[in-house]
Amino acid sequence: MKESLEKKFEEIFGAGGDVRTYFAPGRVNLIGEHTDYNGGHVFPCALTIGTYAAARRNDDGTLRFYSMNFEELGVITSSVDELKYRREDDWTNYPKGVIWAAKEKGYEIPCGMDVLFWGTIPNSSGLSSSASIEVLTGFVLKDLFGLSYDMIENALIGQYAENRFIGVNCGIMDQFAIAMGKEGHAIFLDTATLHYTYAPVRLDGIRIVIMNTNKKRGLGDSKYNERRAECEEALAELQTKVKIGSLGDLNEAQFNEYQDAIASPVRRKRARHAVLENQRTIRAVEALRAGDIEEFGRLMIASHESLRDDYEVTGKELDTLVSETLKQPGVIGARMTGAGFGGCAVSLVKEEAVDGLIAAVEAAYTKEIGYAPTFYVVDIGSGPRRL
Ligand code: GLA
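Now for a quick tour of the structure. (Residues numbered from 1 in each chain as written. Predicted model: local features only at pLDDT ≥ 70, side-chain atom pairs only at ≥ 80, totals over all residues. Heavy atoms only, no water.)

## Some points on the site of the ligand
Our working definition: When at least one non-hydrogen atom of a residue lies within 4 Å of a molecule or strand, that residue is treated as near it. N or O atoms closer than or at 3.5 Å make up a polar contact, with two conditions inside protein: a donor-capable atom paired with an acceptor-capable one, and, for residues adjacent in sequence, both atoms drawn from side chains. Note on areas: Shrake-Rupley with a 1.4 Å probe; residue coverage comes only from the protein chains shown. We call Asp, Glu, Lys and Arg charged. Ala, Val, Leu, Ile, Met, Phe, Trp, Tyr, Cys and Pro are nonpolar, and the rest, Gly among them, are polar.
Around the ligand, a shell composed of Arg 27, Glu 33, His 34, Asp 36, Tyr 37, Cys 170, Gly 171, Met 173, Asp 174, Tyr 224, Gly 338 and Ala 339 is seen. Asp 36 has a polar side-chain atom sitting 2.6 Å from an oxygen atom of the ligand. Here an oxygen atom of the ligand sits 3.5 Å away from a polar atom, N or O, in the main chain of Ala 339. Contact with the protein chains removes 92% of the 310 Å² of surface that the ligand exposes when unbound. Classifying every residue of the shell around the ligand by side-chain character gives five nonpolar, three polar and four charged.

Put into structure tokens, the structure is as follows:
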């Protein structure tokens, strides 16, 4: 990969100088969905698929970006001193946003750079191709310009770019999972404190199978911000009755005790999901640590049901994928993953059952939805690195 990136870089930007190559992963969340902006826990892991970059400092103040995934767009340029979101700059708003965010946080970017990207994460799949570009850009900046931030701050800079430059009000899960990824482990992260531990995901004879609905995203982002607002309102209502900082501070019994403070039934459902999903995530990690993968699988299924019925972020495509998957032999658990409204589901499947499952779910989904899903049998990879 390193050689082919370098070769393409030279072709696009010319030879010479100190060209460095890098990688940052994508992520999949195993459980703990829509909890990260509610002060709850998440349990994502980094993947071995991700985003590659080849980069070199230049001696002018220009940023030149090129993606092998969007060759038709050619080289897109910006000035390092004038970083603004511009629609026509397309995907380069992500790296630009990170450079802007790093500068906002007080880091000095002394000159421009030429960067070539190549991504192996399917776009709009919910496997965080954008967070992967963001964290990778932060990592490239850190290395090329000797910036002093650690990997957690690298993640926070990526989130800041997404929130303030791109305008998506996401939580910290995606950027954190990518920046802090560790091979063979998932990250049990308390999003209220950013305290985290690694949990080994030893899945002897079991594979992680990701299933892409291939549904084109539509209203996803606005619905995401709407759910966030509903939770914030529910929290404010609860705070009139009980002293809490976030929905993640409540357990099930406390929620039941105070839920009447939430005036609307819809907001009550949203808050119930946030509270119970956080509790499920804590229990799921305990189960995994105790070697009880069956319980982990049951909690994944309960997570999907809650996202479907209380949080209402699944939709026909994800529900079909998950329900067809659960009909197959050898399945430990399955659920939607990421923001929802399309994107991917994740399942744990016994190795010998994987091929049969893919064939059966593909046929049933295609019949029901009218187009085929895509499957990825993935491994848990590590965080950003120089190649
Ligand atoms: C998206 C966001 C994350 C998180 C998930 C839902 O991936 O970027 O911050 O909120 O949705 O769990």
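Now that the structure has been shown, the text picks up again.
## Observations regarding the side chain of Thr 92
As a reminder of what qualifies: Helix and strand definitions here come from DSSP, where helices need a minimum of 4 consecutive H or I residues and strands a minimum of 2 consecutive E residues; each element is numbered from the N-terminal end. Between buried and exposed lies partly exposed: a residue is buried under 20% and exposed over 50% of the maximum accessible area for its type, with that area taken using a 1.4 Å probe on protein chains only. Note on contacts: a residue pair is in contact if any heavy atoms of the two residues lie within 4.5 Å.
Here Thr 92 shows up in the loop between strand S5 (76-79) and helix H2 (93-104). Assessed through its relative accessible area of 0%, Thr 92 is described here as buried. Look past the residues within four positions of Thr 92 in its chain and what remains in contact with it is Phe 65 and Ile 76.

## Regarding the packing of H2 against helix H3 (residues 129-145)
To keep things clear, this is the line we draw: The axes are straight lines fitted to the C-alpha atoms, using for helices just the contacting stretch, and the angles between their N-to-C directions are given from 0 to 180°. Oblique is the label for every angle not falling under 35 degrees (roughly parallel), over 145 degrees (roughly antiparallel), or within 65 to 115 degrees (roughly perpendicular). By convention, the crossing between two helices is left-handed when the near helix turns anticlockwise from the far helix through less than a right angle, and right-handed when the turn is clockwise.
Where H2 meets H3, the closest approach of the two axes is 9 Å, and the angle between their N-to-C directions is 50°. One element, H2, and the other, H3, form an angle in the oblique class. As for the relative orientation of H2 and H3, their crossing is right-handed in sense. Here H2 contributes Tyr 94, Pro 95, Val 98, Ile 99 and Ala 102 to the contact with H3, which in turn contributes Ser 130, Ile 133, Glu 134, Thr 137, Gly 138 and Leu 141. Of the residues assigned to the contact of H2 with H3, the class counts are seven nonpolar, three polar and one charged.

## Re H3
For clarity, the threshold we go by: Helix span, expected: 1.5 Å multiplied by one less than the number of residues in the helix.
Between its first and last C-alpha, H3 extends 24 Å over 17 residues, near the 24 Å set by a 1.5 Å rise per residue. Where H3 terminates, the next one or two residues include Gly 146, which has phi positive at roughly 60°.

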